Each structure stands twice: as C-alpha cells, then as structure tokens.
Amino acid sequence: MMPFYGDVDQFRDAVRSVIAQDSRDWRLVIIDDCYPGTAHTEFVDAIDDPRVQLVRNSRNLGVAGSFQRSIELATADYLVIMGCDDLLEPSYIRRVTELLEAHPDASYLQPGVRVIDGSGAIVLPLADRVKGWYRPHPNAGVLTGEDLARSLLRGNWTYFPSIAWRREAITSFGFRAEYDVVLDLALQIDIAMSGGALIVDSDPVFRYRRHAASVSSARAVDGRRFREERRFFDEAARRCEERGWTRAARAARHHWSSRLNALTRLPTAVAARDRAGVGVLLRHALRLNPADAG
C-alpha cells in the first residue's frame with residue numbers, strides 16, 4: 001500500500017522499486033490523496049502490470065486517514081504501508097515473507113533499513129544515529145509484551161514505512177485520528193498490550209528517505225510534535241501502570257529520547273524568534289506542566 005501526496009519524481013522511483021522485486025508475489029495499491037496535477041496518474045497509467053493499481057480518495061484524508069484507508073483496501077495476509085518517497089531493495093518482499101511465515105505468531109516485522117537523503121545518497125543524521133542506539137541487538141529475534149513496549153517507549157527506533165504487518169493484527173486496531181506524528185508508535189503499543197510480537201531483522205532491505213519536509217519535522221520547531229508526544233506518553237504511562245508494566249511505565253514517563261529531541265530543536269525556534277515554540281520545547285524537554293513555566 002502506497003499513500004501518495006508528494007514529490008512525483010521520488011514517487012516514480014518508489015513504484016519502480018516495487019516492480020523490481022525478485023519475488024512476483026505482490027500487489028501495489030497506490031492511494032492518491034487528491035494530489036493536484038496529472039503527472040503521477042499518467043505515470044501509473046503507462047505501467048503495463050496488472051498488479052499495480054491506483055485508487056483516488058474522494059477527498060483529501062491526510063496522513064492518518066490515508067493510512068487507515070490503506071488498511072481498509074488491503075486484502076493480502078501481509079501488508080506494507082510504504083512511503084511514496086522510499087525505496088525497496090529487490091529482495092524486500094522475499095525476505096520479509098520468509099520471516100513472517102517462519103514466525104506465524106508474530107504480528108509485524110521491522111527489517112533492516114538504510115537511510116537516504118533527498119538525492120538518494122546513504123546518510124546517517126543524528127535522528128537515525130539515536131535510533132541505532134535504541135534499536136535492540138541484531139540477534140534480538142522476537143520481542144513481546146513489556147519488553148517490546150519498554151523498548152519502543154524508551155525511543156521509537158522503528159521505521160514505520162518499512163514495517164511488514166500481518167493484516168489481521170493491524171486491522172484489529174487501526175490508526176488513531178487524533179495523532180499525526182506518533183500514530184505508528186501508538187499502534188505498536190496497542191499491539192504489544194494485546195500480546196502481539198515484533199520480529200527484528202538486520203538485513204537492510206529498505207531505504208528510508210530522511211528529509212526536512214516530513215510531517216514530524218515540520219511540526220517539531222513550533223512544538224506541535226511535542227504536545228502530541230506529551231499526551232501520548234502520559235497515556236502510555238497510565239496504561240502500563242494499570243497493567244503492572246513498571247519498567248515500560250517508567251520509560252514512558254521519562255521519554256528521554258523525545259525530550260532530547262526537543263532540545264535539539266531549540267536553536268531553530270530561537271533563531272526564528274518563536275517564543276511560543278521555545279516555551280513548548282523547553283516545557284517538554286524539562287518535563288514541566290504549562291503552569292510550571294510561569
């Protein structure tokens with residue numbers, strides 16, 4: 001599944017990377033979220049492959065809406081909600097299918113990922129170095145229960161567009177409309193609390209494009225991202241405490257990686273003279289309530 005609203009050239013490369021798979025057992029559904037122009041539709045119309053289908057939303061649904069639409073349109077046992085600017089290595093489908101079939105009780109799989117910039121060059125910016133610090137050991141295998149929740153709440157080291165989901169697991173929960181930035185983490189915590197399991201693999205079969213135009217990056221400087229994260233972590237801490245998952249609850253309350261991320265955004269907010277944004281970032285980094293900031 002590939003929700004589309006973005007750069008047409010990168011979209012073309014993403015589609016071509018699916019067609020180039022060394023396994024033929026796939027179907028690509030492109031979900032056009034009312035993107036203006038016709039260049040993207042003309043490109044798809046010229047593809048002579050019945051496995052490639054384009055569906056246009058009747059209205060712009062946004063990020064969460066298009067993700068939910070992806071679930072609704074999926075029919076296979078496994079699905080990937082791929083970014084329209086990301087790339088699959090030729091062995092992606094073969095590798096993740098083998099692993100999911102070898103672990104029939106697992107709900108989803110995080111494959112190995114390489115990060116690329118806007119031009120396609122492999123990079124390792126700070127955000128992805130931090131993800132590497134939090135990522136479990138390559139031999140972690142399968143994570144479940146509190147171990148899975150704590151790992152994710154310490155720092156979300158997963159790459160949502162690269163994840164392969166068992167359809168029955170993801171359709172049980174779906175995406176929450178109130179989230180834009182942490183909707184994938186919220187879904188994973190729901191799965192962990194339901195007894196689901198995550199397969200961790202180190203084989204780099206996915207290329208994730210990191211660029212400043214993402215929703216999470218755009219919302220970070222003025223603090224909108226961190227207001228959303230604060231709500232999510234407070235809720236996650238309460239749910240973990242009710243379940244008796246004390247280590248996971250502690251990770252949610254502290255949310256160190258999120259707070260450190262807020263600190264790294266402060267110079268940009270200060271340079272923009274965004275007093276409100278600076279306040280939100282400081283409150284999040286110092287874990288203050290709004291009234292505590294004076």
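Analysis parameters
- Residues numbered from 1 in each chain as written.
- Predicted model: local features only at pLDDT ≥ 70, side-chain atom pairs only at ≥ 80, totals over all residues.
- Heavy atoms only, no water.
- Salt bridge = Lys/Arg side-chain N within 4 Å of Asp/Glu carboxyl O.
- Helix = DSSP H or I, 4+ residues; strand = E, 2+ residues; numbered from the N terminus.
- Buried < 20%, exposed > 50% of the residue type's maximum accessible area, 1.4 Å probe, protein only.
- Patch = residues over 30% accessible without salt bridge, like charges linked within 9 Å, V, L, I, M, F, W, Y side chains within 5 Å.
- Areas by Shrake-Rupley, 256 points an atom, 1.4 Å probe, with all protein chains shown as cover.
- Lys, Arg positive; Asp, Glu negative; His and termini not counted.
- Charge placed at Lys NZ, Arg CZ, Asp CG, Glu CD.
- Expected span 1.5 Å × (residues − 1).
- Arc of directions from axis to C-beta.
- Contact = heavy atoms within 4.5 Å.
- 1 Å grid on protein atoms, 1.4 Å probe; cavity = no way out; pocket = protein on both sides within 12 Å on 5 of 7 lines; lining within 4 Å.
- Points joined across faces, edges and corners; volume = space filled by probe spheres on them.
- Nonpolar A, V, L, I, M, F, W, Y, C, P; charged D, E, K, R; others polar.

**Concerning the pattern of salt bridges**
Side chains that differ in charge, positive against negative, can pair when their charged atoms come close.
Now for step 1: Within the structure shown, the criterion is met by 17 salt bridges.
Now for step 2: Its salt-bridge partner being Arg 56, residue Asp 32 comes within 2.8 Å of it at the nearest N-O pair. Here Asp 32, found in strand 2 (residues 28–32), pairs with Arg 56, found in strand 3 (residues 52–56); they are 24 residues apart in sequence, far enough to count as distant.
Now for step 3: Under the relative-accessibility criterion, Arg 56 is labelled partly exposed at 47%.
Now for step 4: Among the salt bridges present, the one from Asp 234 reaches Arg 230, with a minimum N-O distance of 3.8 Å. With Asp 234 and Arg 230 both in helix 10 (residues 224–243) and 4 residues apart, this pair spans about one turn of that helix.
Now for step 5: With relative accessibility at 36%, the residue Asp 234 sits in the partly exposed group.
Now for step 6: Residue class for Arg 230 comes out buried when judged on its relative accessible area of 17%.
Now for step 7: Connected through salt bridges with shared partners, the residues Arg 176, Asp 190, Glu 235 and Arg 239 form a single ionic network.

**Topic: a negative patch on the surface**
Now for step 1: Side chains of Asp 25, Asp 77, Glu 98, Glu 101 and Glu 168 sit close together on the surface and give a patch of like negative charge.
Now for step 2: Relative to the helices and strands, Asp 77 resides in the loop between helix 3 (62–73) and strand 4 (78–80).

**Side note on helix 3**
Now for step 1: Under the 1.5 Å per step criterion, the end-to-end length of helix 3 is 16 Å for 12 residues, consistent within 8% with the ideal 16 Å.
Now for step 2: Taken together, the buried positions of helix 3 are occupied by Ala 64, Ser 66, Phe 67, Ser 70 and Ile 71. One face of helix 3 carries all of its buried residues, which in axial projection span an arc of 170°.
Now for step 3: Where the residues of helix 3 are buried, they touch strand 1 (2–4), strand 2, strand 4, helix 7 (167–170) and helix 8 (183–193).

**What to know about the layout of surface pockets**
Rolling a probe over the atoms, with the probe sized like a water molecule, indicates the empty space that remains.
Now for step 1: By volume, the second largest pocket amounts to about 540 Å³.
Now for step 2: What lines the second largest pocket is a set of 22 residues, and nearest its centre among them are Asp 25, Trp 26, Arg 27, Tyr 78 and Leu 79.
Now for step 3: Among the residues forming the lining of the second largest pocket, the class breakdown is 16 nonpolar, 2 polar and 4 charged.

**Overview of helix 1 (residues 8–19)**
Now for step 1: The terminal C-alpha atoms of helix 1 lie 17 Å apart, and with 12 residues this matches the ideal 16 Å at 1.5 Å per residue to within 8%.
Now for step 2: Among the residues of helix 1, Val 8, Gln 10, Phe 11, Ala 14, Val 15, Ser 17 and Val 18 are the ones counted as buried.
Now for step 3: In this structure, the buried residues of helix 1 make contact with strand 1, strand 2, helix 2 (39–45), strand 5 (87–88) and strand 9 (197–209).

**Section: unusual backbone geometry**
Most peptide bonds are trans, and most residues other than glycine sit at a negative phi.
Now for step 1: The phi angle at Cys 34 is positive, at roughly 60°, despite the residue not being glycine.
Now for step 2: Within the secondary structure, Cys 34 is located in the loop between strand 2 and helix 2.
Now for step 3: The class for Cys 34 is buried, based on a relative accessible area of 19%.
Now for step 4: Of note in the backbone geometry, Arg 273 takes a positive phi value of approximately 55° without being a glycine.
Now for step 5: For Arg 273, the location among the structural elements is in the loop between helix 12 (256–271) and helix 13 (275–285).
Now for step 6: Classification of Arg 273 as exposed rests on a relative accessible area of 77%.

Keep in mind that these numbers describe shape and distance, not what the molecule does.
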